[in-house]
Amino acid sequence: MNRKFPLKTSFFCGLLLVMILVLTLVNNVNPIGFSKNALFRIQKPETLLEVPGRLVCAGGDTYYNYYQGKLKKLQQNGEAIWDTILDGVLWMGPEGVINACGDSLCMIDGNGKLIFEKRDFLKEPRVLCVQKDYLLLSGKVEKMECAVLLNESGAIIWQVPMEGSIISGSVHAKGTYVVINLIDKKATSKMVVVGPTGAILWNRTPSNIVYKVKVVPEGIGAIGAESAFIVDFEGRPLWEYLFDGQVLRGDIGDDGFITVVVREMAGHLSQDSRSKIIMLSPQGKEVCTYSLDHDPNIVYKAKDYVYIIDDYKVMVLSQEGLLVANIELKGIKELIPTERKGIIAIQEGKSSLLKKPR
């Protein structure tokens, strides 16, 4: 009897361990950890196009390239469709190119034709957000910081002065709501929500610095120094997720998914720290967490994927937290996914169009 008892105990412990493993896989508690072994090998990307300067997608298999004051529209093989000289390109994308010269601003379309031009407009203009038919800008009018919403034809929908320095902003797809992220003279964050006619609907001063804001389907999403949260369009809190550590990087998707990288202490008795990805659903539920080997420089959420970029590689994660690809690439300053399942990597002095590994 005494000899059989340990064998039964060992058998049941082993069975319990297998059941826990199966349940964890089925429930997808930590999908990255279990998918990591299958894709642990670093993949070298295939370069489809490499050019000096900045490269962005212009729609389909065409691309804008801006270098030393010259703008080109290129095919994927590098051949120029057209080119022109522009002094101050602020933004490029499938909707066109926005250029500023002094206090004048203009936009051209994919054929190089002028869409609109505004003279004596804004000083020190910045493009905060381009969302379908709307352009959100910031700049100074008579030394006053202003946020300006334009329609696709360049007509001013509203122009609102702001107290403080505008850090970022986001526009609802229908232009009905705009959120502005400000820093005042006391280095305090302030979120301002503007309605369709330019009226300030509400403003909020969070308890900690806000790094990023975005209009999402449920309301207004934000990533702060200590938490991530979403409030509805009237400013009422929907949920808040408190982080146990310092926020390093983060991004908010158009769908409301939030990905944040936090540096946490390895243990209560240890002085070592580690970086951890935390992925949150639009309802504030934890999708997954995963420890990183290196601190990331960029976190970017685009459609169904999350890109984590450090000094050595690009990790491509699914929205469910599965590791899709591990790409070897150094010195990335910015990463731009394209419409054709490629990736544009902007590095020091050059840009590369890469084929995304399957």
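Residues numbered from 1 in each chain as written. Predicted model: local features only at pLDDT ≥ 70, side-chain atom pairs only at ≥ 80, totals over all residues. Heavy atoms only, no water.

Let us look at the overall build of the protein. Of regular secondary structure, the protein possesses 2 helices and 32 strands. Per-residue burial over the protein gives 48% buried out of 358 residues. (Helix = DSSP H or I, 4+ residues; strand = E, 2+ residues; numbered from the N terminus. Buried < 20%, exposed > 50% of the residue type's maximum accessible area, 1.4 Å probe, protein only.)

Next up on the list: the nonpolar core. One finds Leu55, Tyr64, Leu71, Leu86, Met92, Val97 and Ile344 to be the most contacted residues of the largest nonpolar core, which totals 21 residues. Taken together, the elements giving at least two residues each to this core come down to β1 (46-52), β2 (54-59), β3 (62-67), β4 (70-75), β6 (89-93) and β31 (342-347). In this structure, Leu71 is in contact with Tyr64, Asn65, Tyr66, Trp82, Asp83, Thr84, Leu86, Met92, Val97 and Ile108, ignoring residues within four places of it in sequence. Counting residues in each nonpolar core, the second largest holds 16 residues, with Cys129, Leu149, Ile166 and Val178 among its members. (Core = buried A, V, L, I, M, F, W, Y, C linked by side-chain atoms within 4.5 Å. Contact = heavy atoms within 4.5 Å.)

To continue, consider the side chain of Ser138. Secondary-structure assignment places Ser138 in strand β11 (residues 134-141). The contact partners of Ser138, leaving out residues within four places of it in the chain, are Leu122, Glu124, Pro125, Arg126, Leu128, Cys146 and Ile166.

For the rest of this paragraph, the subject is the packing of aromatic side chains. A complete count under the given rule lists 4 aromatic pairs for this structure. The interplanar angle of 10 degrees and the centroid separation of 4.2 Å between the aromatic rings of Tyr177 and Phe233 together place this pair among those described as stacked. Within this pair, whereas Tyr177 is found in the loop between β14 (165-171) and β15 (178-183), its partner Phe233 is found in the loop between β20 (227-231) and β21 (237-242), the two being separated by 56 residues in sequence. Note on Tyr177: relative accessible area 23%, which makes it partly exposed. Note on Tyr241 and Phe243: the rings are 5.5 Å apart at their centroids and 50 degrees apart in plane angle, and the pair reads as tilted. In this structure, Lys118 is placed above the aromatic ring of Phe121, and the distance from its NZ or CZ to the ring centre is 5.6 Å. Above the face of the Phe229 ring, Arg204 is positioned so that its terminal group lies 4.7 Å from the ring centre. (Phe/Tyr/Trp six-rings, centres within 6.5 Å; stacked < 30°, edge-to-face > 60°. Lys NZ or Arg CZ within 6 Å of the ring centre and 35° of its normal.)

Across the 5 residues that make up strand β27 (residues 305-309), a large majority, 4, are buried. By the bridge criterion, 5 bridges tie strand β26 (residues 298-302) to β27 in an arrangement that is antiparallel. Looking at β27, one finds that Tyr300 is bridged to Tyr307. Where β27 lies against strand β28 (residues 313-318), 5 bridges are found, and the strand directions are antiparallel. In the strand pairing of β28, Val306 is matched with Leu317. (Pairing = 2+ DSSP bridges.)

Ordered by their spatial adjacency, 4 strands build an open sheet running β6-β7-β8-β9, and the pairing between neighbours is antiparallel. At either end of the open sheet lies a strand with only one pairing partner, and these are β6 and β9 (114-118). Taking each pair of neighbouring strands and ignoring which way they run, the sheet shows an average axis angle of 10 degrees. Relative to strand β7 (residues 96-101), β6 runs antiparallel, the two sharing 4 bridges. Looking across to β7, one finds that Val89 is bridged to Asn99. (Axes fitted to C-alpha atoms, helices over the stretch in contact; angles between N-to-C directions.)

Relative to the elements of secondary structure, Gly221 occurs in strand β19 (residues 219-224). With a relative accessible area of 0%, Gly221 lands in the buried category. Note: C-alpha distance between Gly221 and Ile252 (31 residues apart in sequence) is 7.2 Å.

This part covers the confidence of the model for the protein. Summing up the model confidence of the protein, the mean pLDDT is 87 and the portion of residues at 70 or higher is 86%. Low confidence marks residues 1-5, where pLDDT is under 50. Its contacts with residues over four positions away, or in another chain, come to 0 contacts. Confidence drops under a pLDDT of 50 for residues 15-39, and excluding neighbours within four residues, the segment shows 28 contacts in the predicted structure. (pLDDT = per-residue confidence, 0-100.)

Next up on the list: the side chain of Ser227. Here Ser227 lies in strand β20. Judged by its relative accessible area of 1%, Ser227 is buried. Side-chain polar atoms of Ser227 contact the side chain of Glu240, separated by 2.7 Å. The contacts of Ser227, once residues within four sequence positions are left out, are Asn208, Ala222, Glu240, Tyr241, Leu242 and Phe243. (Polar contact = N/O pair within 3.5 Å; in protein donor to acceptor, adjacent residues only side chain to side chain.)

Here we take up the sheet that holds strand β16 (residues 189-194). Sheet architecture is open: 4 strands sit in the order β14-β15-β16-β17, paired in antiparallel fashion. Two strands close off the open sheet at either side, each with one partner strand: β14 and β17 (200-204). Here the strands of the sheet are splayed against their neighbours by 20 degrees on average, with no regard to which way each runs. For β16 and β17, the ladder comprises 4 bridges, and the chain directions are antiparallel. Bridge pairing in β17 links Val193 to Trp202.

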